[in-house]
Every structure is written in structure tokens, then in C-alpha cells.
Amino acid sequence: MTIKLLAIGKTDNKQLQHLILEYQQRLKHYVKFDFEIIPDIKNAKNLSETQQKEKEGSLILKSLSNTDILILLDENGKQYDSVAFSAHIQKKMNAGHKRLVFAIGGPYGFSDVVYEKSLETISLSKMTFSHQMVRLFVVEQLYRAFTILRNEPYHHR
């Protein structure tokens, strides 16, 4: 299985980029992992929230294949603790899916079309985080999930 993380807009913070890369490298010991950054929409300030979500949504959908399982990172999604999240990932692997795609939307979230295409939504917390921080949290939690599944000491129960 491959896991892909899709995110709108680049990360400007060098420290965050470094940490994300570190967890990407760690994660590659367990699973094929891809990280795709979809460029920010040009002239977004001239667009309504709905128009911006629709443009970002079309770019997200272009990055998917027909067999991808799309999981959205959304503040209203289901919350997991790390052990339950690892079990959830294991179920997806057992189901034989070729690729799981986790998507982080733009500042206004996702368009209705993207929600309709998704299998589920996951929330990392009831708190709000910057989209750049969410990238790090997702990659770290994926890494943690695989260490839990392999009973490795990274996660202390």
C-alpha cells in the first residue's frame, strides 16, 4: 500500500519543513509514502470562499486515481487516539486498498465535490491548527501508527 499526503500551498517555515522531512524519512521504513503539495490558487484574494474551495477541490481531485481512498483532515471529522488510529490504518491495509490519500484543504476547507468523493473525514483535535502544522502532525501520527502496529518503543502506552 501507498500512503499519500496532499496539501494545498507550500510550507514557508524551514523548521517545519525539516521536521516533516524527518518523519517522511522515518515513515518510508514502513510504507511507501508520497507528499504532494498543490500550489496555492493564484489571485485567491479576488475569489469568494466558495470559488476558492471549488478551484482547490478540482486540483485535489486531479491528483487522485479512481481507486484511491480519500480521507479528509477536517475539524468536524472523527477523532481517534493514536492506538485506535493505528488500528484504523491496519484495517485499511487489510482491505487491500492500493493507496490511501490524506488531504489537507486550504484555509476554508473543502468543496462539496471533494466531501462527496471522500470515504471519511478525520479530525486531529477540537483545537484549530495552522495548515502547515497539520502536515507535521499527520506525518508524525502515521509514523506513530506504524510503530504501534510493530510494537516498537516510539509510542509509550
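Residues numbered from 1 in each chain as written. Predicted model: local features only at pLDDT ≥ 70, side-chain atom pairs only at ≥ 80, totals over all residues. Heavy atoms only, no water.

Colleague: What's the story with helix α5 (residues 131–149) in this structure? I'm lost.
Modeller: In an α-helix there are 3.6 residues to a turn, and that puts residues three or four apart on one side. Under the 1.5 Å per step criterion, the end-to-end length of α5 is 27 Å for 19 residues, consistent within 8% with the ideal 27 Å. Most of α5 sits inside the fold, with 14 of its 19 residues counted as buried. Two residues or fewer past α5, Asn151 is found with a positive phi of approximately 55°. (Helix = DSSP H or I, 4+ residues; strand = E, 2+ residues; numbered from the N terminus. Expected span 1.5 Å × (residues − 1). Buried < 20%, exposed > 50% of the residue type's maximum accessible area, 1.4 Å probe, protein only.)

Colleague: Is there a simple way to explain the pattern of salt bridges in this structure?
Modeller: As a working rule, side chains carrying opposite charge can pair if their charged atoms are close by. Here the structure, examined in full by the defined rule, presents six salt bridges. Among the salt bridges present, the one from Glu22 reaches Arg26, with a minimum N-O distance of 2.8 Å. With Glu22 and Arg26 both in helix α1 (residues 14–27) and four residues apart, the pair spans about one turn of that helix. Classification of Arg26 by relative accessible area gives partly exposed; the value is 26%. (Salt bridge = Lys/Arg side-chain N within 4 Å of Asp/Glu carboxyl O.)

Colleague: Sorry if this is basic, but what is going on with the pairing of strand β2 (residues 32–38) here?
Modeller: The two faces of the sheet receive side chains in turn, since in a regular strand these alternate between them. As defined by bridge partners, strand β1 (residues 2–8) adjoins β2 across seven bridges and the pair is classed as parallel. Note that in β2 the partner of Ala7 across the bridge is Ile37. Between the parallel pair β1 and β2, the chain is carried across by α1, and the sense of this crossover is right-handed. (Pairing = 2+ DSSP bridges. Right-handed = clockwise from strand over helix to strand, strands pointing away.)

Colleague: So what exactly am I meant to see when it comes to the nonpolar core here?
Modeller: Across soluble globular proteins, nonpolar side chains show a tendency to be buried alongside one another. Ile3, Leu27, Ile89, Phe102 and Leu142 are the most contacted members of the largest nonpolar core, which totals 27 residues. Counting residues per element, the ones that place at least two in this core are β1, α1, β3 (69–79), α3 (82–94), β4 (99–104) and α5. Top contributing element to this core by residue count: α5, with eight residues. Ile8, Ile60, Ala103 and Val114 belong to the second-largest nonpolar core, a separate cluster that totals 11 residues. (Core = buried A, V, L, I, M, F, W, Y, C linked by side-chain atoms within 4.5 Å.)

Colleague: Could you clarify how one ought to interpret the sheet that holds β4 in this entry?
Modeller: Strand pairing within a sheet occurs via backbone hydrogen bonds; the two strands may be parallel or antiparallel. If you trace the five strands from one edge of the open sheet to the other, you get β2-β1-β4-β3-β5, paired in parallel fashion. Of all the strands in the sheet, the pair left with one neighbour each is β2 and β5 (120–123). Strand-to-strand twist of the sheet, defined as the mean angle between neighbouring strand axes without regard to direction, takes the value 30°. Here six bridges tie β1 to β4, and the two strands are oriented parallel to one another. (Axes fitted to C-alpha atoms, helices over the stretch in contact; angles between N-to-C directions.)

Colleague: Help me understand the pairing of β1 in this model?
Modeller: Most of β1 is tucked away, with seven of its seven residues classed as buried. A two-sided burial pattern is seen for β1, the buried positions comprising Thr2, Lys4, Leu6 and Ile8 on one face and Ile3, Leu5 and Ala7 on the other.

Colleague: How should I be thinking about α1 in this particular structure?
Modeller: Here α1 contains 14 residues, and its C-alpha end-to-end distance of 20 Å stays within 8% of the 20 Å for a straight helix at 1.5 Å per residue. Taking the backbone nitrogen of Gln15 as reference, a side-chain oxygen 2.8 Å away marks Asn13 as the first, capping residue of α1. (Polar contact = N/O pair within 3.5 Å; in protein donor to acceptor, adjacent residues only side chain to side chain.)

Colleague: It is not clear to me how unusual backbone geometry should be interpreted in this structure. Could you clarify?
Modeller: Negative phi values dominate among residues other than glycine, just as trans dominates among peptide bonds. Unusually for a residue other than glycine, Asn151 sits at a positive phi of about 55°. Within the element layout of this structure, Asn151 appears in the segment after α5. You can call Asn151 exposed: its relative accessible area is 65%.

Colleague: Even after reading the chapter, I still don't get the layout of surface pockets, so can you show me in this structure?
Modeller: A water-sized probe rolled over the atoms picks out the places where empty space is left. Within this model, the largest pocket holds a volume of roughly 440 Å³. Counting residues per element, the ones that place at least two in the lining of the largest pocket are β3, β5 and α5. Looking at the lining of the largest pocket element by element, the count peaks at four residues for β3. Of the residues assigned to the lining of the largest pocket, the class counts are 11 nonpolar, eight polar and four charged. (1 Å grid on protein atoms, 1.4 Å probe; cavity = no way out; pocket = protein on both sides within 12 Å on 5 of 7 lines; lining within 4 Å. Points joined across faces, edges and corners; volume = space filled by probe spheres on them. Nonpolar A, V, L, I, M, F, W, Y, C, P; charged D, E, K, R; others polar.)

Colleague: Just to check I follow, could you spell out the packing of aromatic side chains for this structure?
Modeller: Two numbers describe a pair of aromatic rings. These are the distance of the centres and the angle of the planes. Tallying each qualifying case throughout the model produces eight aromatic pairs. Taking the centre distance of 6.3 Å and the plane angle of 65° together, the rings of Phe85 and Phe102 count as edge-to-face. With Phe85 in helix α3 and Phe102 in strand β4, this pair connects stretches of sequence that are 17 residues apart. For Phe102, a relative accessible area of 2% translates into the label buried. Aromatic pair Phe129 and Phe137: ring centres 5.0 Å apart, planes at 75°, arrangement edge-to-face. Among the aromatic residues, those joined into a ring-pair cluster are Tyr23, Tyr30, Tyr143, Phe146 and Tyr154. (Phe/Tyr/Trp six-rings, centres within 6.5 Å; stacked < 30°, edge-to-face > 60°.)

Any functional reading would require information that these geometric values do not contain.
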